[in-house]
Amino acid sequence: MGTEYPNGPAIPSRPVSPFSVPQSSTPFQSSGPVVGSEASAFRHSSPSSSQITSLSSASGAMVGTEASAFRTMPSGMPNDAARLPPTSPSPYGPPAAGPYQRFPAPQFSSTAGVPPPRSSLAGQPVLQPPVRPVSGPFSTSHVSLNPQIQPPHVPMGFPPQSASMVQPGPVVPRSPVDSQFSAARATMHPSSPPAGPAYPAARPGFQSAFPGYISHQNTAGAQVQPRQSLAFPSQQGGYVPTMPATSSPYLAQQGGYAAPPSVASQLGNSREQMQHPGSTPPTAVMQGLEEDFSSFSIGSVPGSFDPGLDSKVLPRPLEGDLERNTLSEMYPMNCSSRYLRLTTSGIPNSQSLASRWHLTLGAVVSPLAEAPNGEEVPVVNFARTGIIRCKRCRTYVNPYVTFTDSGRKWRCNLCALLNDVPGEYFAYLDASGRRIDLDQRPELTKGSVEFIAPTDYMVRPPMPPLYFFLIDVSVSAVKSGMLEVVSQTIKSCLDNLPGFPRTQIGFITYDSTLHFYNMKSSLTQPQMIVMSDLDDVFIPLPDDLLVNLSESRTVVDAFLDSLPSMFQENVNVESAFGPALKAAFMVMSQLGGKLLIFQHTLPSLGVGRLRLRGDDLRVYGTDKEHTLRTPEDPFYKQMAADFTKYQVAVNVYGFSDKYTDIATLGTLAKYTGGQVYYYPSFQAAVHKDKLRHELARDLTRETAWESVMRIRCGKGVRSTTYHGNFMLRSTDLMALPAVDCDKAYAMQLSLEETLLTSQTVYFQVALLYTSSSGERRIRVHTAAAPVVSDLGEMYRLADTGAIVSLFTRLAIEKALTSKLEEARSFIQLRIVKALRVYRDLHAVQHCLGGRMIYPESLKCLPLYGLALCKSIAFRDGHADARLDERCTAGYTMMALPVKTLLKLLYSQLIRVDEYLLKKPSLAEDSIDIWNGLPLAAGSLDPQGLYLYDDGFRFVLWFGRMLSPDILNNLLGENFAADFSKNLFQRWWQVF
């Protein structure tokens with residue numbers, strides 16, 4: 001089916017469903033309703049537009065409903081055809097004959113109506129109206145038998161050769177009398193006029209002052225610049241809402257997703273060009289993007305003007321991340337998904353199939369994730385036998401190895417090598433081929449296990465847990481209260497530091513000079529040594545700066561008690577952070593450990609001093625914008641490499657109310673397996689609880705020291721790239737000076753062979769580390785995944801959490817080399833292409849021409865993609881987020897586990913006032929309080945009290961009509977009185 005143009009090329013249309021209306025040949029024009037046809041991807045969003053909803057089907061969730069062939073229109077309602085955008089022709093041509101045939105009015109008349117929409121009768125074909133080009137091969141015009149005066153054309157520049165100009169069609173007010181016959185004409189007239197000569201171009205019509213309503217002004221000659229639509233209409237008659245000033249990517253509305261303005265501006269399609277007829281149309285790249293979005297239109301309820309989308313039933317992760325154990329029945333011995341998650345548990349059997357999977361084949365590993373009580377990882381000690389490993393690929397023995405030759409040999413499940421069983425590990429096999437001691441061997445029944453490593457896995461004796469503190473004591477750090485809060489928190493955590501009684505501790509403070517502290521156990525008070533030479537830093541007391549905490553506890557307590565008052569009168573504004581960092585490295589290089597940095601001022605003295613570059617607004621929006629998010633001084637990256645070499649992990653705490661260059665200082669944490677914390681404009685009265693909580697968890701959580709990690713894949717699959725906070729020691733060995741339960745690492749996988757011959761692919765993650773108790777251990781996680789030949793099966797076994805986690809890391813790395821706009825486009829295009837491919841798999845067989853369908857496993861993927869683009873790390877513009885906050889968000893999200901990341905992107909909103917007014921009840925009755933609410937303005941009641949939790953902070957939202965009793969009980973009478981004077985709603989950050 002194609003439309004022939006007299007003066008233009010014949011463009012073949014896309015195959016459609018027998019129940020659908022033919023697709024328009026023009027990139028941004030529609031030939032009929034969206035329901036049952038391919039719809040455009042780009043649509044102007046409306047503040048009241050609905051979001052995507054789903055309807056279950058055999059192949060996945062579906063959105064929208066099939067349009068009926070007969071539609072009624074209430075009397076007095078404006079005709080939807082009159083609401084078509086000026087650049088889109090009427091989806092139904094004028095009738096060939098009939099008592100209700102109408103034609104456009106003369107130029108200065110405002111009483112004529114536009115032909116109403118008509119649906120074809122059942123069984124009748126829908127014909128495409130013949131058109132002729134006006135200013136391009138894809139321009140159309142409406143029918144007019146009366147000569148009309150053409151208005152002057154407003155040139156907006158010459159279009160590119162690959163694009164076509166679109167002449168706007170008429171949009172004129174209609175008489176109230178016309179509405180009486182709207183429904184009748186919609187079903188009596190054919191869908192297109194008979195073939196005939198080309199029609200003259202129609203004049204631009206009047207534009208309503210309100211979106212979606214017809215203007216009834218009758219001023220002769222008045223002309224308003226028409227709006228240009230970038231979408232096919234999704235309702236009956238083709239109503240398209242108005243585009244607001246700003247638009248978010250993946251904004252759901254009646255007819256499909258709206259494209260973000262940043263993508264349009266990237267491709268040269270500016271807002272001014274969209275508002276004027278004759279402006280430059282989209283380029284070929286834009287048309288390709290439009291083609292991708294065209295699969296995601298949503299149909300409305302037949303016979304109704306309501307979009308038919310109930311926002312309450314839209315897919316939202318209100319219960320948080322639900323781990324999908326799709327393989328638990330097939331592979332019950334797999335490790336838990338809290339340790340290893342694949343983006344899809346169905347491994348493609350060929351490279352060609354993998355190329356059609358646009359969501360990236362990869363894995364996310366959190367080797368030390370916290371396990372619930374009763375599910376702890378078992379510890380195995382082989383003692384004299386030694387750890388059983390494959391001689392070729394070095395795979396550890398696991399539940400998927402097979403024993404043969406009466407138990408004398410075992411076959412590796414990764415490389416299929418036949419290995420000998422040591423005599424001490426030998427056991428007979430039963431009739432089914434299982435070892436008779438299988439129940440006593442956790443390594444053969446559990447997917448996660450820890451081996452006690454022998455001395456062969458040690459290059460030195462296991463190190464003790466070591467904590468070293470590098471604290472800024474300049475005037476800003478003292479006045480903000482940071483120094484006092486840090487001192488009190490460290491002292492309160494001394495009893496809970498892991499590794500007692502082997503734990504080591506030390507301190508260095510700095511402003512324009514360096515201050516070392518001798519805490520030898522024989523002293524009653526610490527001794528301070530001041531070093532003012534910043535060019536030649538040395539260690540004054542090599543043996544007494546690091547002390548055993550249990551032996552020098554009295555001296556350490558005295559130091560922490562006196563530290564705030566020691567620098568209370570300090571007026572020094574300088575920061576010799578670089579020399580202090582070198583001094584800390586000299587102290588810790590013998591043992592390794594964890595270095596905690598508390599930085600309040602931009603480094604200004606000595607090596608590593610930084611300049612104030614974050615306030616240069618001229619760089620934003622240019623090709624050099626990404627340089628602000630990359631390290632300025634290579635000194636810090638070199639120091640990070642040295643720290644990693646000597647098993648030192650660095651955690652950075654930033655507090656300044658001014659620019660601190662977190663982009664550069666965060667390099668220390670990125671390459672040493674550490675983490676970045678940032679408290680902008682820190683004040684102890686406001687932020688002390690948050691600092692205490694995060695610092696206490698950093699000090700007391702169980703930590704794996706001097707670690708290395710490697711992931712092994714089965715035959716035909718290999719890991720290609722790694723993403724997270726670590727240093728890559730070799731092609732596949734990650735150096736991790738310190739690992740804890742709050743860290744995760746992602747990697748991309750690829751197929752080495754053109755075609756996989758095996759039915760199952762195995763993965764094994766091995767972490768070699770030193771525990772706080774001084775044992776050298778190897779934690780091993782093993783999982784199996786089936787090899788599939790069907791792309792639909794890959795979608796069914798997809799893991800949204802793992803996909804979002806991997807996409808986040810890829811986009812953050814892309815933002816370091818390109819604009820934020822390109823990083824957001826990367827996320828959007830990957831999701832759009834993946835969902836379009838899935839739709840193409842099922843659209844024909846289910847006749848879903850105009851609907852969006854998606855698998856149940858990915859129902860929340862577009863929502864997470866939108867949340868990711870709106871996050872601080874990717875939010876556009878200098879005014880949207882401080883540079884230090886943006887860089888901190890990037891460093892933090894690179895290290896977060898899947899569950900924590902998803903909660904940060906889509907947080908939990910809980911209404912609590914209803915439960916505060918209830919009488920005390922059983923604990924079971926209050927479980928419903930944790931049922932989250934959608935993150936939408938409609939969820940907030942002015943009479944309610946809400947708690948917002950994103951995993952890093954609590955925010956209380958007080959409605960302006962909240963009960964005074966609740967305010968008095970929570971905030972006190974004085975504060976409640978002040979609060980009631982404000983007529984606006986307030987946000988109060990509590991944690």
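Residues numbered from 1 in each chain as written. Predicted model: local features only at pLDDT ≥ 70, side-chain atom pairs only at ≥ 80, totals over all residues. Heavy atoms only, no water.

Identification of the protein as Protein transport protein SEC24 A-like isoform X2 from Nicotiana tabacum is taken from an unreviewed UniProt entry.

(A) Spatial organisation of the sheet that holds strand E27 (residues 745-751). Read across the open sheet, the four strands follow the order E7-E9-E27-E24; overall the sheet is antiparallel. The open sheet has two edge strands, strand E7 (340-342) and strand E24 (717-723), and neither has a second partner. For this sheet the average axis-to-axis angle between neighbouring strands, irrespective of direction, equals 25°. The sheet contact formed by strand E9 (residues 362-365) and E27 spans four bridges and is antiparallel. When the bridges of E27 are listed, Ala363 appears paired with Met747. (Pairing = 2+ DSSP bridges. Helix = DSSP H or I, 4+ residues; strand = E, 2+ residues; numbered from the N terminus. Axes fitted to C-alpha atoms, helices over the stretch in contact; angles between N-to-C directions.)

(B) A look at helix H10 (residues 634-645). Between the first and last C-alpha of H10 there are 17 Å, a value that for 12 residues agrees with the 16 Å anticipated at 1.5 Å per step. Three or more residues of H10 are buried, namely Phe635, Tyr636, Met639, Ala640, Phe643 and Thr644. The backbone nitrogen of Phe635 lies 3.0 Å from a side-chain oxygen of the residue at the head of H10, namely Asp633. After H10 finishes, the residue Gln647 shows a positive phi value of roughly 60°. (Expected span 1.5 Å × (residues − 1). Buried < 20%, exposed > 50% of the residue type's maximum accessible area, 1.4 Å probe, protein only. Polar contact = N/O pair within 3.5 Å; in protein donor to acceptor, adjacent residues only side chain to side chain.)

(C) Local environment of the sheet that holds strand E13 (residues 418-420). Across the sheet, three strands lie side by side as E11-E12-E13; this open sheet has antiparallel pairing. This sheet does not close on itself; its edge strands, each paired only once, are strand E11 (402-404) and E13. Going across the sheet, the axis of each strand differs from the next one's by a mean of 35°, ignoring polarity. Looking at chain direction, strand E12 (residues 409-411) and E13 are connected through three bridges and run antiparallel. Across the sheet, the residue bridging to Lys409 is Asp420, located in E13.

(D) Region of interest: the side chain of Ser487. As for its placement among the helices and strands, Ser487 is situated in helix H7 (residues 482-493). For Ser487, a relative accessible area of 3% gives the class buried. In this structure the side chain of Ser487 is engaged in a polar contact, spanning 2.8 Å, whose partner is the backbone oxygen of Leu483. Other than its neighbours up to four places away in sequence, Ser487 contacts Leu560, Leu563 and Pro564. (Contact = heavy atoms within 4.5 Å.)

(E) Up close: the packing of helix H16 (residues 820-842) against helix H17 (residues 861-870). Running from N to C, H16 and H17 point in directions that differ by 170°, and their axes come no closer than 10 Å. Comparing their axes, H17 and H16 come out roughly antiparallel. The residues of H17 that touch H16, namely those facing Arg824, Ile827, Gln828, Ile831 and Leu835, are Leu861, Pro862, Gly865, Leu868 and Cys869. Looking at the contact of H16 with H17, its residues break down into seven nonpolar, two polar and one charged. (Parallel < 35°, antiparallel > 145°, perpendicular 65-115°, else oblique. Nonpolar A, V, L, I, M, F, W, Y, C, P; charged D, E, K, R; others polar.)

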